[in-house]
Amino acid sequence: MNGVHDLGGLHGFGPVVAEADEPVFHAEWERRAFALTLAAGFLGEWNIDMSRWAREQMPPARYLAASYYEHWLWGLEHLLVERGLLTREELEARVAVLRRGEAR
Amino acid sequence: MSGGHEHEHDVEYTAPLGETELRVKALESLLTEKGLVDPRALDELIDLYEARVGPRNGARVVARAWVDPAYRKRLLENASAAIAELGFTGRQGEDMVVLENTPRVHNMVVCTLCSCYPWPVLGLPPVWYKSPPYRSRAVLDPRGVLREFGVAVGDEVEVRVWDSTAEVRYLVLPERPPDTEGRSEEELAALVTRDSMIGVGRPKAPERRPR
C-alpha cells in the first residue's frame, strides 16, 4: 500500500542531517515508548506487520510532522484499543488525570 | 522524582509535561495496572538496547570476516547462521543478508518505508536513518547522499542500494582498510564504524605503529 510513509524517491525533504555521537534515545519518554511497544508486542496480540500497518494509519500531515517514537506511540495506542486490551475512554481519562496532576 | 527537596523543586523545576510524555505515562500506568507489562521488564529492555546491543556486535562480525576466509564465506552464504555463531541473534535480525563491498561495488542500506534495521548487529537505528531526507533520497540520489556523508565513490564503482523490509535485514561488509596486515581481530573491530556497516561510511584508518 502506498501512503505518506512510502518516502522512497520523493523530493523536497532536504539534506540528511546526522547527529555526531548520537545517543540511542533523546528523552526518557522515548525509552518508555520503545520498551512499552516491545513488551506489549510480547503479548502476542499482533505481529510486526500489524504494528507497521498501525503506524502507517497515522494521518499523513501528522505522520510527517511527528518524530519516530511518536509514530510508535500512535501505533501502540491503536493496536491496544483494536485488540480490546484498553479502551480509548480509559486512556484519555488517564491522560486527563495526569495532566491535572502535572498542572497542580 | 526530584529527590530530597520535592516541595521546593516541584514548584521551581517541574515544567508541565508535554502531551506526548503524558500519553506515554498514561499508557505505562494503565498497562502496568492491568498486569499486561512489568515495569522491570521495561527497564531490562531499555538497558539491553541502550547499553548492550549495538554496532560493536556488527564490528566483531566484520573483523572476523576480514581475518577468517572460511567465516567470510559462511557469512556471505548464510548470514543469519554465521552471525549467530558469534552469539548475535534475536529480534529484527532473524533473516540477515550480508552485502560485500568490493573495489567495483559499493552497497548502502535504507528502509524507505520505515526503519527496518538489523538490531542484533547494529542496535537501534540513528534518527537520520529513520528520517524523511534519508529515506526519500537514498534511492533517488545515493551518490549525493554518500557525498554528504563524506564518502567519495568513483564513477567506475557501481552503487547498489538495498531497501530493507520487515523480513530481510542487511549488513554491509566494508572493505578491509589498507595497511592493516598483522592487526588482531580486536584491533580491526575497533576500525569498523556503524556507518561503514550501513554503507554510508568507511572503516577508520589504522593508527600508525611506531617502528
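Residues numbered from 1 in each chain as written. Chains lettered and ligands numbered in written order. Predicted model: local features only at pLDDT ≥ 70, side-chain atom pairs only at ≥ 80, totals over all residues. Heavy atoms only, no water.

Enquirer: Any chance you could explain the overall build of chain A here in plain terms?
Expert: Along its length, chain A carries five helices and zero strands. Starting at the N terminus and ending at the C terminus, chain A contains elements arranged as α-α-α-α-α. Along the longest, intermediate and shortest principal axes, the C-alpha atoms of chain A span 40 × 35 × 25 Å. Here chain A holds 104 residues, and 39% of them are scored as buried. Within chain A, counting contacts between residues at least 6 apart in sequence, those at least 24 apart form 57% of the total. Between the mean site of the 11 positive side-chain charges and the mean site of the 16 negative ones, chain A shows a separation of 7 Å. (Helix = DSSP H or I, 4+ residues; strand = E, 2+ residues; numbered from the N terminus. Buried < 20%, exposed > 50% of the residue type's maximum accessible area, 1.4 Å probe, protein only. Contact = heavy atoms within 4.5 Å. Lys, Arg positive; Asp, Glu negative; His and termini not counted. Charge placed at Lys NZ, Arg CZ, Asp CG, Glu CD.)

Enquirer: Is there a simple way to think about the layout of surface pockets in this case?
Expert: Gaps left between atoms show up when a probe the size of a water molecule is rolled over them. In this structure, the second largest pocket encloses a volume near 420 Å³. Along the wall of the second largest pocket there are 24 residues; nearest its centre are Ile48(A), Ser51(A), Arg55(A), Arg91(B) and Gln92(B). Where the lining of the second largest pocket is concerned, the elements lending two or more residues are helix 1 (28-41), helix 2 (48-56) and helix 4 (68-82) of chain A. For the lining of the second largest pocket, the class distribution of residues is 13 nonpolar, six polar and five charged. (1 Å grid on protein atoms, 1.4 Å probe; cavity = no way out; pocket = protein on both sides within 12 Å on 5 of 7 lines; lining within 4 Å. Points joined across faces, edges and corners; volume = space filled by probe spheres on them. Nonpolar A, V, L, I, M, F, W, Y, C, P; charged D, E, K, R; others polar.)

Enquirer: How do you make sense of the side chain of Arg23(B) when you look at a structure like this?
Expert: Among the structural elements, Arg23(B) can be located in helix 2 (residues 19-33). Dropping the residues within four chain positions of it, Arg23(B) is found in contact with Leu73(A), Glu77(A), Arg88(A), Leu91(A), Glu92(A) and Val95(A).

Enquirer: Please clarify how the pattern of salt bridges should be interpreted in this entry.
Expert: Should their charged atoms come close, side chains of opposite charge can pair. Overall, the coordinates contain 25 salt bridges over all chains when judged by the stated rule. Across the pair Glu77(A) and Arg23(B) runs a salt bridge, and its minimum N-O distance is 2.7 Å. On the criterion of chain membership, the pair formed by Glu77(A) in helix 4 and Arg23(B) in helix 2 is interchain, its members lying in two chains. Of the two residues examined, Glu77(A) and Arg23(B), each falls in the buried class. Here Arg52(B) makes a salt bridge to Asp47(B), at a shortest N to O gap of 3.2 Å. We classify Arg52(B) as partly exposed; its relative accessible area is 45%. Linked through salt bridges whose partners overlap, the residues forming this network are Glu77(A), Arg88(A), Glu92(A), Arg99(A), Glu19(B) and Arg23(B). (Salt bridge = Lys/Arg side-chain N within 4 Å of Asp/Glu carboxyl O.)

Enquirer: I tried to follow the environment of Arg209(B) on my own but got confused; where do I start?
Expert: Tracing the sequence through the fold places Arg209(B) in the segment after helix 12 (194-198). Here Arg209(B) is in contact with Gly182(B), Arg183(B) and Glu187(B), once residues within four sequence places are set aside.

Enquirer: In this structure, what is going on with the nonpolar core? I would like to understand it.
Expert: Buried together is how nonpolar side chains tend to be arranged in soluble globular proteins. Residues Phe34(A), Val61(B), Ile83(B), Tyr134(B) and Ile198(B) are the most contacted members of the largest nonpolar core, which totals 85 residues. The element contributing the most residues to this core is helix 1 of chain A, with eight residues. Excluding residues that lie within four positions of it along the chain, Val61(B) makes contacts with Tyr71(B), Leu75(B), Ile83(B), Leu86(B), Phe88(B), Val121(B) and Leu171(B). (Core = buried A, V, L, I, M, F, W, Y, C linked by side-chain atoms within 4.5 Å.)

Enquirer: So what exactly am I meant to see when it comes to a negative patch on the surface here?
Expert: On the surface, Asp49(A), Glu94(B), Asp95(B) and Glu167(B) cluster together to form a negatively charged patch. With respect to the helices and strands, Glu167(B) occurs in the loop between strand 3 (158-163) and strand 4 (169-173). (Patch = residues over 30% accessible without salt bridge, like charges linked within 9 Å, V, L, I, M, F, W, Y side chains within 5 Å. Areas by Shrake-Rupley, 256 points an atom, 1.4 Å probe, with all protein chains shown as cover.)

Enquirer: Could you clarify how one ought to interpret the interface of chain A and chain B in this entry?
Expert: Quite often, the size of an interface is put as the accessible area lost when its parts meet. Counting from both sides, the interface comprises 53 residues of chain A and, opposite them, 52 residues of chain B. For the pair chain A and chain B, the summed buried surface comes to about 5100 Å²; carbon and sulfur atoms form 68% of the total. For the interface between chain A and chain B, the tally reads eight salt bridges. Here Lys34(B) makes a salt bridge to Glu90(A), at a shortest N to O gap of 3.1 Å. Here chain A is connected to chain B by 18 residue pairs in polar contact (both at pLDDT 80 or more). Broken down by element, the residue count for the side of chain A that touches chain B peaks at ten residues, all from helix 1 of chain A. Of the residues in the side of chain A that touches chain B, the class split is 32 nonpolar, six polar and 15 charged. (Buried area = accessible area lost by both parts, 1.4 Å probe. Polar contact = N/O pair within 3.5 Å; in protein donor to acceptor, adjacent residues only side chain to side chain.)

Enquirer: Would you mind going over empty space enclosed by the protein with me for this structure?
Expert: Counted according to the given criterion, the structure contains two cavities of 30 Å³ or more. Taken as a whole, the largest cavity holds about 60 Å³ of empty space. As for the largest cavity, its lining consists of His5(A), Arg55(A), Glu56(A), Tyr63(A), Tyr68(A), His71(A), Leu113(B), Cys114(B) and Arg135(B). For the lining of the largest cavity, the class distribution of residues is four nonpolar, two polar and three charged.

Enquirer: It is not clear to me how the packing of aromatic side chains should be interpreted in this structure. Could you clarify?
Expert: Aromatic rings in a pair are described by how distant their centres are and how their planes are angled relative to each other. Scanning the entire structure with this criterion turns up 17 aromatic pairs over all chains. Pairing Phe34(A) with Tyr49(B) gives two aromatic rings, centres 5.5 Å apart and planes at 80 degrees, and the pair type is edge-to-face. With Phe34(A) in helix 1 and Tyr49(B) in helix 3 (residues 39-52), this pair bridges two chains. Each member of the pair, Phe34(A) as well as Tyr49(B), is classed as buried. The interplanar angle of 85 degrees and the centroid separation of 6.5 Å between the aromatic rings of Tyr134(B) and Phe149(B) together place this pair among those described as edge-to-face. Of this pair, Tyr134(B) sits in helix 9 (residues 132-137) while Phe149(B) is found in the loop between helix 10 (142-148) and strand 3, placing the two residues 15 residues apart along the sequence. Both residues of the pair, Tyr134(B) and Phe149(B), belong to the buried class. An aromatic cluster is defined as three or more aromatic residues linked by ring pairs; in this entry it consists of Phe25(A), Phe34(A), Tyr68(A), Tyr69(A), Trp72(A), Tyr49(B) and Trp119(B). (Phe/Tyr/Trp six-rings, centres within 6.5 Å; stacked < 30°, edge-to-face > 60°.)

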